[in-house]
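Residue-level structure breakdown
The residues making up each chain are set out below.
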Amino acid sequence: MTTVVRTASVTGVLAVTGFAAFCVSISVGELRVPLTDVVPAIFGAGDPAAQFVVGELRLPRALAAVLVGAAFGLSGAVFQSLARNPLASPDIIGISSGASAAAVFGIVVLGWSGNGLVLLSLLGALVTAALVYALAWKQGASSYRLVLVGVGVAAALAAVTSYLLTKAQIYDVQEAVVWLTGSLNGRLWSDVRPLGLAMLVLVPMVLLLTPSLRLLQLGDETATGLGLHVERARLLLVLVAVALAAGATAAAGPVAFVAFVSAPIARRLVSSPLAIVPAALVGAVLMLVADLVARELLGTVELPVGIVTGIVGAPYLLWLLARSNRIGSGG
Amino acid sequence: MTRTAQAHHTLAAEGLTLAYDKVEVTRDLSLEIPTGQVTCIVGANACGKSTLLRALARLLRPASGTVLLDGQRIQSLPTKEVATRLGILPQTPVAPEGITVADLVSRGRHPHQTWLRQWSDRDRSVVAEAMRVTGTLELAERPVDELSGGQRQRAWIAMALAQDTDLMLLDEPTTYLDLAHQIDVLDLLVDLNRRHGRTVVLVLHDLNQAARYSDHLVAMKAGAVVAAGPPAEVITEELVAEVFGLSCRVVVDEVSGTPLVLPIGRHHAAVPS
Amino acid sequence: MAVQTHRWRLAWLLVAVGVLVLVVLASVAVGTRSIPVGTVLDALVHPSATEDAHAVVRSLRVPRTVVGLLAGAALGLAGAVMQGVTRNPLADPGLLGVSAGASFALVLGISVLGLTGPVAYVWFAFAGAAVASVLVYGLGAIGSGGATPVKLALAGAAITAFLLSMTTAMLLLDQRTLDEYRFWSVGSVAGRDPDLIAQLGPFFAVGALLALAAGPVLNSLALGDDVARSLGRRIGLARVTAAVSVVLLVGAATALAGPIGFVGLTIPHVARAITGTDYRWVLPWSMVLAPMLLLGSDVIGRVVARPGELQVGIVTAVIGAPFFVMLVRQRRLAEL
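Heads up: these notes are all about the structure in this document. Residues take numbers from 1 onward in each chain, read along the sequence in its written order. Throughout, the order in which chains and ligands are written sets their labels, letters from A for the former and numbers from 1 for the latter. Note on the predicted model: pLDDT of at least 70 is required for a residue's local features to be given, and 80 or more for side-chain atom pairs to be given and counted; whole-chain, interface and lining totals, by contrast, use all residues.

1. Brief notes about the interface of chain C and chain A
How large an interface is tends to be reported as the accessible area lost when its parts come together. Here, residue contact means that the backbone-derived C-beta atoms of the two residues sit within 7 Å. On the chain A side, the residues contacting the 46 residues of chain C number 45 residues. Of all elements in the fold, only α6 (149-173), α7 (175-184), α12 (263-275) and α14 (312-330) of chain C reach the threshold of two or more residues within the side of chain C that touches chain A. The leading source of residues in the side of chain C that touches chain A is α6 of chain C, at 17 residues. Each residue is assigned to one class: nonpolar for Ala, Val, Leu, Ile, Met, Phe, Trp, Tyr, Cys and Pro, charged for Asp, Glu, Lys and Arg, and polar for all the others, Gly among them. Its residues assigned to classes, the side of chain C that touches chain A comprises 29 nonpolar, 13 polar and 4 charged. Every helix listed is a DSSP run of H or I at least four residues long, and every strand listed is a run of E at least two residues long, numbered separately from the N terminus.

Encoded structure:
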């Protein structure tokens with residue numbers, strides 16, 4: 001089976017799975033909406049109570065899961081390709097730690113929540129990413145330097161976050177930990193809209209930049225030989241990936257494991273070194289399933305989705321790892 | 001591979017000074033690559049031949065001097081435009097893990113693709129032909145990192161062929177290949193030159209192969225061109241001694257009529273010299 | 001500063017040890033409470049049971065200095081071993097799931113089993129670290145090729161994320177545990193019971209010996225599995241030994257001081273920048289540089305926030321990061 005055929009079929013299967021998960025996610029909850037009523041309820045027909053629950057609560061949350069998961073998946077795929085290291089993920093450029101430090105500061109010191117917090121964490125993420133890029137820049141930002149500087153900056157910010165947590169009141173600490181884990185609790189249309197708009201711009205950009213990424217994978221020399229502006233392409237890709245990760249982190253907290261794990265899963269499913277669209281779909285499916293489990297597992301208490309992505313995503317990655325017969329296959 | 005028009009692009013270096021990290025490799029080097037011929041660059045290790053090739057392909061920015069593609073400064077041309085006229089196969093190319101041969105070769109089509117015109121029939125046929133002539137068609141779906149050194153090299157050559165450029169620069173393309181495949185590749189490059197008028201520039205480590213296959217031979221030593229011209233003129237016992245530090249006898253190759261270098265080492269010399 | 005010959009390298013290493021000794025002395029002499037040097041010396045040599053300052057020096061500063069030394073050396077060594085075995089400059093001792101395992105076991109112990117007290121904490125954390133690493137190693141070894149660097153890294157990351165999620169779940173459901181855990185998780189060398197330190201001593205010792213002995217093997221591994229085998233190295237055995245040493249070192253360090261990141265990841269890079277890629281030198285250099293950073297940070301943490309103090313886990317990263325970034329910018333860090 002050729003790469004193209006395999007990519008197409010995996011994408012198809014993932015899309016169908018995603019849609020199914022989406023519908024189940026909307027159907028399940030305190031008010032059960034039968035699966036057959038889901039689609040009508042989305043479009044404003046059928047039982048008014050179902051319409052409200054679906055339209056105002058479940059739909060935005062499910063959409064948030066899809067958007068956040070896709071954004072993290074895409075961002076992780078781009079970073080791992082650029083860094084040529086399966087351990088890479090958007091946190092390497094300090095996004096998670098920057099957003100976390102800013103958010104925890106907001107919760108613990110300023111007492112903010114809601115939109116103010118979202119903006120603060122977005123700011124934290126972007127400023128940190130810019131700082132890391134600037135510090136790594138020396139006639140170009142080699143992947144290696146970027147990663148190492150990112151590690152240093154992330155460690156410093158994590159220390160600041162820990163410090164804030166030791167100085168805070170326990171209730172604030174709890175709220176902060178929930179944010180730090182990653183949560184879709186109470187996400188409404190006002191949360192989904194900005195991310196949705198951002199993705200409308202960013203996702204096409206990623207798709208347009210995929211050929212450049214394909215060339216960058218062949219090494220800087222071969223890529224230049226094939227007519228690519230290596231530094232420019234890398235900068236654009238980093239910008240887009242950072243924007244995606246920052247937006248997703250601001251919307252749901254640093255559910256970084258999704259970014260880390262979606263691309264390796266997608267690559268193994270497709271058996272190709274580049275699987276951008278599948279990575280986005282894997283991320284979306286992972287978030288949907290995880291959020292569903294997080295909501296329903298303990299009945300009365302809603303767990304933050306970040307807990308479940310780790311618990312669900314990790315075993316699946318390990319299973320794929322164990323199944324793969326290729327020696328040292330690079331994830 | 002059929003071509004619709006015979007376009008001839010020219011390549012030359014003028015006063016090129018190349019350096020790595022402040023260490024000068026060549027100084028004020030000028031060289032004209034004869035259009036429509038096969039040129040081989042030879043020399044001892046670290047004489048600057050790979051560096052020169054990379055500079056000619058704009059992979060390396062010169063400290064001073066210029067590289068002229070069709071009479072224009074190569075640095076001033078859009079890089080994608082350059083990639084449609086000139087292709088380079090570097091010495092140790094990097095393949096991402098898990099990439100298939102077909103995928104790798106198809107990436108060579110990038111300079112000919114735009115946002116609007118992504119993957120056409122011509123792209124498909126060029127890729128298929130490139131894989132056919134390099135004998136990699138049956139390896140199409142195999143991952144490159146699972147191939148032998150020789151197979152891998154042929155896959156990379158197929159990618160360079162898929163780029164379908166008038167000027168082809170190859171840095172030691174016969175490394176890792178067994179003799180039969182070495183001759184295959186060199187014969188293929190000569191075909192491209194004779195039938196389609198492509199200008200081929202090769203860095204080769206095997207002096208006798210260079211003598212056989214080149215129309216124009218460039219010998220380098222310590223970053224400077226020591227001799228340039230037809231192999232019969234360039235390859236002399238004095239030149240080999242000067243450039244390679246090797247004493248030898250030069251005879252005429254019975255098979256090809258080109259100069260054949262017979263090295264004289266410390267052993268196996270029938271007549272002590 | 002490319003040191004070439006053995007004698008030069010040894011000389012420079014001894015200089016580094018000398019600096020470490022100075023840092024150790026500072027750690028004993030400096031603190032949140034200003035105690036004159038003469039009194040410090042007295043406390044060490046002629047201790048008097050009645051002198052308050054002597055008690056501070058002997059029972060507070062000396063133990064924490066020892067903990068800082070041990071934990072620092074352990075983390076530095078373990079980090080270098082991890083990066084050598086995985087051939088990955090991003091490898092961190094936590095990759096084998098050690099910190100995550102320790103945290104998980106600790107939180108499980110506190111919230112579910114109602115554990116209290118440092119003794120219980122330490123052994124539970126150690127056990128958790130060990131079990132997690134065995135799990136990671138085992139899972140990474142499934143499939144062809146054994147525990148290759150990449151598979152190990154991915155298995156480690158997966159298990160770490162899994163355990164982290166479970167840990168967070170327990171913390172969110174139990175506020176009391178969260179309140180205790182947040183202080184442990186920052187990483188601190190203060191207030192550790194000397195008996196405990198002594199009990200963990202053998203683990204540090206064995207781990208360090210295994211690690212230091214692995215220098216030549218790591219050099220061979222750096223050339224690739226095939227070359228290493230042709231040089232007569234037993235790859236599987238080498239990896240297992242390395243993993244065991246890392247678990248012993250990091251398990252003990254985490255059990256004693258809590259999860260301290262950054263040190264294990266970055267100190268080996270600094271060591272390589274100074275001494276090159278020969279692991280027979282990278283390992284001892286890492287072992288000396290890491291406690292320098294850790295103890296130095298602890299001293300600063302004591303001084304900067306008087307009369308309180310900043311935990312070492314925080315200061316290490318905040319101070320170490322700018323230095324590390326500067327280093328990354330200045331030098332082409334040796335790749336491995």
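Next comes the rest of the write-up.
2. A few points about the pairing of strand β8 (residues 199-203) of chain B
Residues and elements named next belong to chain B. Burial of β8 is extensive: 5 of the 5 residues sit out of reach of the surface. Three classes are used. A residue is buried when 20 or more other C-beta atoms lie within 10 Å of its own, exposed when 12 or fewer do, and partly exposed in between, with C-beta atoms placed from the backbone. Alternating residues of β8 divide into Thr199, Val201 and Val203 and Val200 and Leu202, and every residue in both groups is buried. DSSP calls a pair of strands paired once it identifies at least 2 bridges connecting them. Both strand β3 (residues 38-43) and β8 contribute to a ladder of 4 bridges, which runs parallel. Each bridged residue has a counterpart across the sheet, and for isoleucine 41 the counterpart in β8 is valine 203. Handedness of a crossover is defined as follows: with both strands directed away from the viewer, a clockwise route from the first strand across the helix to the second makes it right-handed. A crossover links strand β7 (residues 167-171) with its parallel partner β8, the connecting element being helix α6 (residues 179-196), and its sense is right-handed.

3. As for the nonpolar core
A set of buried Ala, Val, Leu, Ile, Met, Phe, Trp, Tyr and Cys residues, joined to one another through C-beta atoms within 7 Å, is what we call a nonpolar core. Core analysis: the biggest nonpolar cluster contains 313 residues, and Ala74 and Leu249 of chain C have the highest contact counts within it. The dominant element in this core, judged by the number of residues it contributes, is helix α3 (residues 48-83) of chain A, at 18 residues. When near neighbours in sequence (up to four residues on either side) are disregarded, leucine 249 of chain C contacts Ala74, Leu77, Ala78, Phe204, Gly207, Ala208 and Ala211 of chain C.

4. Notes on α14 of chain C
In an α-helix there are 3.6 residues to a turn, and that puts residues three or four apart on one side. Helix span, expected: 1.5 Å multiplied by one less than the number of residues in the helix. Here α14 of chain C is 19 residues long and its end C-alpha atoms lie 27 Å apart, about the 27 Å a rise of 1.5 Å per residue gives. Val312, Gly313, Ile314, Val315, Thr316, Ala317, Val318, Gly320, Ala321, Phe324, Val325 and Val328 of chain C are the residues of α14 of chain C that are buried.

5. Focus on the sheet that holds β7 of chain B
Residues and elements named next belong to chain B. Strands sit in the order β6-β7-β8-β3-β9-β10 across an open sheet of 6 strands; the sheet is mixed. Strands with a single pairing partner mark the edges of an open sheet, and in this sheet they are β6 (86-89) and β10 (224-229). Each strand axis lies, on average, 15° off the axis of its neighbour in the sheet, ignoring direction. In this description, a line fitted to the C-alpha atoms serves as the axis of each element, helices being fitted only across the stretch in contact, and the angle between N-to-C directions of two axes falls anywhere from 0 to 180 degrees. Sitting on the sheet, helix α5 (residues 149-162) is in contact with β6 and β7, with an inclination near 170° to β6.

6. Thoughts on helix α8 (residues 189-216) of chain A
The end-to-end C-alpha separation of α8 of chain A is 38 Å, in line with the 40 Å expected for 28 residues at 1.5 Å each. Note that the bend at a residue is defined as the angle between axes fitted to the seven residues ending at it and the seven residues starting at it. The largest bend along α8 of chain A measures about 45° and falls at threonine 210 of chain A, with the proline proline 211 of chain A one to four residues further on. For α8 of chain A, the full list of buried residues reads Asp191, Val192, Leu195, Ala198, Met199, Leu202, Val206, Leu213, Arg214, Leu215 and Leu216 of chain A. Those residues of α8 of chain A that are buried lie in contact with α3, α9 (220-225), α10 (230-252) and α12 (276-296) of chain A together with α3 (101-107) of chain B.

7. As for the environment of glutamine 175 of chain C
As for its placement among the helices and strands, glutamine 175 of chain C is situated in helix α7. For the pair glutamine 175 of chain C and leucine 139 of chain C, spaced 36 residues apart in sequence, the C-alpha to C-alpha distance is 33 Å. If we skip the residues at most four places from it in the chain, glutamine 175 of chain C touches Ile170 and Gln174 of chain A.

8. Things to note about unusual backbone geometry
Positive phi outside glycine occurs at aspartate 70 of chain B, with the angle close to 55°. Position of aspartate 70 of chain B relative to the elements: it lies in the loop between β4 (64-69) and β5 (72-73). Taking the C-beta count within 10 Å as the criterion, aspartate 70 of chain B has 16 such neighbours and is therefore assigned partly exposed. A positive phi angle, close to 75°, is found at phenylalanine 262 of chain C, a residue other than glycine. With respect to the helices and strands, the residue phenylalanine 262 of chain C is situated in the loop between α11 (235-257) and α12. The buried category is assigned to phenylalanine 262 of chain C, around which 29 C-beta atoms lie within 10 Å.

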